[in-house]
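This is what each chain is made of:
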Amino acid sequence: MIEVFGNNISMLKNIYIENLKYFNFYNAGEYLRKFIEFDDSWLDKYLDYVYGSEDTVTSKQLYENLSECWNSEKYIYIFDKVLDRYVVYKQNCSLLSYYLEGILNYKDDEQLSKQKNWIFHVIEENYENLQVLEVIFEIIVDKSYEIRQEAIKLLINLNSNYEIFKKLSIETKRFRTSGSFVPIYRNEIKFLEEMLPYFTGRKFIKHRSLIEGKIKKLEESIKKEEIREVIYSDYF
């Protein structure tokens, strides 16, 4: 397609964006990746569109289109820029990091490995930047235990500042189930208990206390859930 439009790439950019305004057409993400690999300015054009209105900035599909870029050799550059634009936008407007989670869709182990590389890269480059850390930990909070634990371990090795740590989302808060919440709470307790050995020594006293407090709250939630289930079973 790029060859067809030749020297009229600006027209192709406009056609691509105009089509997105009406529907997210088939292979929109794949086209986006190829366009960006051809010319970095495509990424700017796309992000200008995403962050151009409240409707587009909260369109999960537009972020999911970007997930195709994990197949690009430029993936670090691409997602650094996406994250930067997201953080800047969030500074001025209320925006949940929920939408940005769409960039972390993956199709295979290679893409997952690249995502881990990028996440750890972001932490290493921004371990004192609370705004960036808040976003990165929010978008990985529902990812695998391994990624979450490695991210936390990396951060505290680089920065033991408790004031930053306490503001980060380190445990899952969006629980989904059609049955009992008890197994979910227990899994989260297991996740937090496995992290306790990371927090040894005087400089981590507050961190450890915070983790233990979260575990206690989850244990209390289990008790409440078990009582609720007993009451519920009496009625049905």
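For the structure, check the block above.
Residues numbered from 1 in each chain as written. Predicted model: local features only at pLDDT ≥ 70, side-chain atom pairs only at ≥ 80, totals over all residues. Heavy atoms only, no water.

(A) The nonpolar core, seen in detail. In terms of nonpolar packing, the biggest core is built from 70 residues, with Tyr16, Tyr46, Phe79, Trp118 and Phe137 touching the most fellow members. No other element matches helix α7 (residues 75-92), which puts eight residues into this core. (Core = buried A, V, L, I, M, F, W, Y, C linked by side-chain atoms within 4.5 Å. Buried < 20%, exposed > 50% of the residue type's maximum accessible area, 1.4 Å probe, protein only. Helix = DSSP H or I, 4+ residues; strand = E, 2+ residues; numbered from the N terminus.)

(B) Quick peek at the packing of helix α4 (residues 41-50) against α7. Contact geometry for α4 and α7: axes closest at 11 Å, N-to-C directions at 30 degrees. The pairing of α4 with α7 is recorded here as roughly parallel in orientation. The element α4 and its partner α7 pack so that their crossing is right-handed. Residues Leu43, Asp44, Leu47 and Asp48 of α4 lie in contact with α7, whose contacting residues are Tyr77, Ile78, Lys81, Val82 and Arg85. For the contact of α4 with α7, the residue count by class is five nonpolar, no polar and four charged. (Axes fitted to C-alpha atoms, helices over the stretch in contact; angles between N-to-C directions. Parallel < 35°, antiparallel > 145°, perpendicular 65-115°, else oblique. Left-handed = near helix turned anticlockwise from the far one by under 90°. Contact = heavy atoms within 4.5 Å. Nonpolar A, V, L, I, M, F, W, Y, C, P; charged D, E, K, R; others polar.)

(C) Inspection of the environment of Asn24 at higher detail. Relative to the elements of secondary structure, Asn24 occurs in the loop between α2 (9-20) and α3 (28-38). Between the C-alpha atoms of Asn24 and Leu62, which are 38 residues apart in sequence, the distance is 7.9 Å. Setting aside chain neighbours within four positions, we find Asn24 in contact with Gln61, Leu62 and Asn65.

(D) Molecular detail of the pattern of salt bridges. According to the stated counting rule, one finds 17 salt bridges in the structure shown. Note that Lys81 and Asp44 form a salt bridge whose closest N and O atoms lie 2.8 Å from each other. Here Lys81 is found in helix α7, whereas its partner Asp44 is found in helix α4, with 37 residues between them in sequence. Look at Asp44 and you get partly exposed, because its relative accessible area is 26%. By sharing partners, the salt bridges in this structure join Arg33, Glu37, Glu68 and Lys107 into a single network. (Salt bridge = Lys/Arg side-chain N within 4 Å of Asp/Glu carboxyl O.)

(E) Representation of the side chain of Ser169 in the model. Relative to the elements of secondary structure, Ser169 occurs in the loop between α11 (162-165) and α12 (182-195). Here Ser169 is in contact with Phe137, Glu138 and Val141, once residues within four sequence places are set aside.

All quantities given are derived from atomic positions and should not be read as evidence of function.
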